[in-house]
Each structure stands twice: as C-alpha cells, then as structure tokens.
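Listed below, chain by chain, are the residues.
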Amino acid sequence: MRAPRAAAALAAVLLLAACGSHRTKPSQGGGSRQATARGHAPAGSSDRFHDDLSKPQGSRYRDGEDSVPPPLDVSKLVEPVPKAEPRSLYGNKSPYTVRGQTYRVLPSARGYDERGIASFYGNKFHGYKTSSLETYDMYAFSAASTTLPLPSYARVTNLENGKSVIVRVNDRGPFHDNRLIDLSYAAAVKIGIWPKGTGLVEVRGIDPGQPLQELPPPTVVTNGHPGIYLQVGAFADADNADRLAQRLRRANLGAVQVSEAVINGQRVRRVRVGPLASVDRADQVTARIEGMGLPRPQVAVD
C-alpha cells in the first residue's frame with residue numbers, strides 16, 4: 001500500500017506547486033506573491049519584480065488597471081523617519097534584467113537626484129509581498145524604484161505643485177517605459193499624483209546620517225509647468241547628433257533640440273524631442289521612437 005500512498009502524496013505536492021504559481025487575491029488579512037508585475041490606476045501601467053528563490057530570476061506577470069479606495073485624509077499619517085537599516089536579503093540582486101532591460105542597484109541612496117515621471121500602485125497590491133518580502137501597505141508612505149537599494153529613503157517632490165513627501169523605498173519597479181518611481185497610494189495622495197495617476201517629480205535620495213534640515217529645499221515651480229523631453233541620444237561627434245536630429249524631424253514627432261552638455265568631463269551633443277504636452281504624449285512618442293529601431297529614449301524633465 002505504500003506505493004499508492006506515495007503517489008497520492010506526490011500528486012498533492014505537485015498540485016500545491018501548481019497552485020502556488022498563480023496569483024491569488026489576498027484575504028482581508030493580506031497575502032503574498034511569488035514574483036510580480038504591477039499595473040496602476042488610470043494613466044497607464046507599471047510593473048514589479050523580485051528575485052524570490054521560489055521562482056526563476058526575472059519571473060513576472062502583467063496586471064491590468066489598478067483600483068483604489070475613496071480619497072484618503074493623509075494629514076493623519078506620519079512620514080517615515082530615515083534611519084540606517086541593513087540591506088534586504090531580497091530585491092537587491094545587481095545587475096538584474098526585466099523585459100530585456102538591465103538595471104543596477106546603487107550602493108546607497110546618497111547623492112541620488114533624478115527627475116522624471118511618477119506613477120502609483122494601490123488596492124490591487126495591498127497586502128501582497130514587495131520585492132524585499134515586506135508586506136505592501138498602501139496607507140504607508142513607501143515607494144518602488146528600479147535602482148535605489150532596499151530599503152532606503154527618498155524625498156519625492158511634485159514639480160507641478162511643490163508638494164513633497166518622504167518615502168521608504170522597499171520595492172522594485174516601475175518597469176513601464178519612462179517611469180522613474182512608483183509611489184504608494186498614500187504618498188501619491190500626499191503630493192497630488194492621485195487621482196490623475198502620474199505626475200512629474202524630483203526624487204532625492206536621503207542619507208540617514210544627514211539631518212533632514214540639511215537637505216536641499218524641495219523644488220517649487222514658479223513659472224508654469226515643467227517640460228517633458230525625451231533624450232534619444234548623446235554624441236561626442238556633432239555630425240552623428242545632427243543626423244539623428246534630422247531623422248527625428250522627418251518623423252514629425254515634435255520639436256527636436258540639439259544642445260551641448262558636459263558629461264563626466266566630456267562635451268557631448270544631446271538630441272531631445274520636446275517639450276511634450278503630457279505623460280500620455282511622451283508614451284506615444286516613445287513607442288514611435290522605438291518603432292523606428294532606435295533605443296528607448298530617456299525622460300528628462302526641465
């Protein structure tokens with residue numbers, strides 16, 4: 001009788017393994033995901049990933065639009081206080097690859113200062129595990145980044161209204177084209193990214209050893225809306241820059257600018273398309289540029 005019992009036990013194990021490979025909705029008390037991808041509310045989608053040993057490296061799936069509860073009174077929520085923490089055992093593998101794009105995790109958040117497009121994630125992922133295997137709480141001030149170490153802290157400022165929030169970065173993402181950071185629902189409400197879904201932000205990494213009052217003041221927009229530009233290339237050779245600019249102009253993607261800049265001590269010519277009127281327009285132009293066989297452009301917010 002041992003053989004039939006062993007076979008039955010093996011079948012049960014295989015069934016449980018198969019069930020574990022699919023995403024299930026958490027109960028009211030929360031749940032967990034093995035390896036994940038993330039979508040968010042109305043203005044597009046973004047993805048999430050972690051290197052859980054129970055799944056192959058880079059395993060992920062795609063979700064549709066996220067959903068969120070009614071507006072939240074964030075005045076009663078307390079921002080996290082930056083403190084030195086050991087790096088998480090999960091989510092810090094470097095380099096890692098998602099959808100053919102390779103990312104490298106920074107050694108620390110010190111000196112990190114980037115501008116770009118923020119998205120957010122909410123109810124669909126509340127109670128699930130983040131890339132660091134912490135439980136995602138959409139009512140906490142947290143965020144996902146492709147390159148900042150887990151955990152780390154950053155100040156995120158909405159460039160269109162000057163509102164800012166300190167977040168604890170404990171997740172990977174967003175892997176949607178052109179997104180810089182994915183904010184928790186609470187953080188998005190705090191700085192006005194929700195309910196629109198996306199917004200233009202400045203992200204400054206925080207060194208826990210540096211008093212917050214010594215951080216540079218948040219950016220405040222005083223002369224209208226910041227512009228969205230897509231940087232398609234940067235060339236030391238002026239002729240190469242001009243050839244790319246002419247090709248982009250023939251495609252009628254919008255205004256094309258060639259400007260000089262010094263990067264790592266080298267003078268280069270940057271080729272940019274813009275300013276673009278909205279995040280949606282930036283997404284559309286990005287898709288057209290990639291359709292021309294060119295590399296994915298980088299978002300620049302000026």
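None of the values given here were measured: they were computed from a predicted structure. (Residues numbered from 1 in each chain as written. Predicted model: local features only at pLDDT ≥ 70, side-chain atom pairs only at ≥ 80, totals over all residues. Heavy atoms only, no water.)

*Asks:* I'd love a proper account of helix α4 (residues 279–291), names of residues and values included.
*Replies:* Taking 1.5 Å per residue as the helical rise, α4 with its 13 residues ought to reach 18 Å, and the 18 Å between its terminal C-alpha atoms agrees with that figure. Listed as buried for α4 are Val-279, Ala-282, Asp-283, Val-285, Thr-286 and Ile-289. In this fold, the buried residues of α4 make contact with β3 (113–121), β7 (179–184), β8 (199–206), β9 (228–235), α3 (238–250) and β11 (266–276). Looking at the residues trailing α4, positive phi occurs at Gly-293, about 85 degrees. (Helix = DSSP H or I, 4+ residues; strand = E, 2+ residues; numbered from the N terminus. Expected span 1.5 Å × (residues − 1). Buried < 20%, exposed > 50% of the residue type's maximum accessible area, 1.4 Å probe, protein only. Contact = heavy atoms within 4.5 Å.)

*Asks:* Before we move on, can you summarise the packing of aromatic side chains with the specific residues and values?
*Replies:* The final tally for this structure, using the stated rule, is eight aromatic pairs. Taking 5.4 Å as the distance between ring centres and 25 degrees as the angle between the ring planes, the aromatic pair formed by Tyr-96 and Tyr-103 counts as stacked. Ring centres of Tyr-96 and Phe-175 lie 6.1 Å apart, and the angle between their planes is 80 degrees; on these two criteria the pair is classed as edge-to-face. With a gap of 79 residues between them, Tyr-96 in strand β1 (residues 96–98) and Phe-175 in the loop between β6 (164–171) and β7 connect regions that are remote in the sequence. For Phe-175, a relative accessible area of 3% corresponds to the buried category. Members of the aromatic cluster, joined through ring pairs, are Phe-120, Tyr-139, Tyr-185 and Trp-194. (Phe/Tyr/Trp six-rings, centres within 6.5 Å; stacked < 30°, edge-to-face > 60°.)

*Asks:* So, the side chain of Thr-286: which residues are in play, and what are the values?
*Replies:* Among the secondary structure elements, Thr-286 is positioned in helix α4. Look at Thr-286 and you get buried, because its relative accessible area is 1%. Here Thr-286 is in contact with Asp-177, Asn-178, Leu-230, Arg-296 and Pro-297, once residues within four sequence places are set aside.

*Asks:* Go over the sheet that holds β3, please, and point to the residues and values.
*Replies:* Strands belonging to one sheet form pairs held by backbone hydrogen bonds; the direction of such a pair is parallel or antiparallel. With mixed pairing, six strands are arranged side by side around a closed barrel as β3-β7-β4-β6-β5-β8. Averaged over all pairs of adjacent strands, the angle between their axes in this sheet comes to 45 degrees, without regard to strand direction. (Pairing = 2+ DSSP bridges. Axes fitted to C-alpha atoms, helices over the stretch in contact; angles between N-to-C directions.)

*Asks:* Account for the nonpolar core, naming residues and giving values.
*Replies:* Counting residues in hydrophobic clusters, the biggest one holds 32 residues, and the most contacted among them are Val-156, Val-167, Ile-181, Leu-183, Val-201 and Val-203. Of all elements in the fold, only β3, β4 (142–144), β5 (152–158), β6, β7, α2 (185–191) and β8 reach the threshold of two or more residues within this core. Setting aside residues up to four positions removed in sequence, Ile-181 forms contacts with Ile-117, Ala-118, Ser-119, Ala-143, Ala-144, Val-156, Pro-174, Val-201 and Val-203. Formed by 23 residues, the second largest nonpolar core is a distinct cluster that contains Leu-159, Leu-230, Val-279 and Ala-282. (Core = buried A, V, L, I, M, F, W, Y, C linked by side-chain atoms within 4.5 Å.)

*Asks:* Quick one: what's the story with the pattern of salt bridges, residue by residue and with numbers?
*Replies:* In the structure shown here, the tally under the stated rule is 11 salt bridges. Ionic pairing is found between Asp-207 and Arg-110, a salt bridge with its closest N-O pair at 3.0 Å. Here the residue Asp-207 occupies a position in the loop between β8 and β9, and Arg-110 occupies one in the loop between β2 (101–103) and β3, the gap between them amounting to 97 residues. By relative accessible area, which is 57% here, Arg-110 ends up exposed. Here the salt bridges do not stand alone but share partners, grouping Glu-85, Glu-134 and Arg-168 into one network. (Salt bridge = Lys/Arg side-chain N within 4 Å of Asp/Glu carboxyl O.)

*Asks:* Which residues make up the sheet that holds strand β10 (residues 256–263), and what values do they have?
*Replies:* The strand order across the open sheet formed by four strands is β10-β11-β9-β12, and the pairing between neighbours is antiparallel. Only two strands of the sheet have a single neighbouring strand rather than two, namely β10 and β12 (298–301). Here the average twist between neighbouring strands, direction ignored, is 40 degrees. Examined bridge by bridge, β10 and β11 share eight bridges and lie antiparallel to one another. Bridge pairing in β11 places Gln-257 opposite Arg-272. Taken strand by strand, α4 contacts β9 and β11, and its axis lies near 30 degrees from that of β9.

The analysis is restricted to geometry; functional conclusions fall outside its scope.
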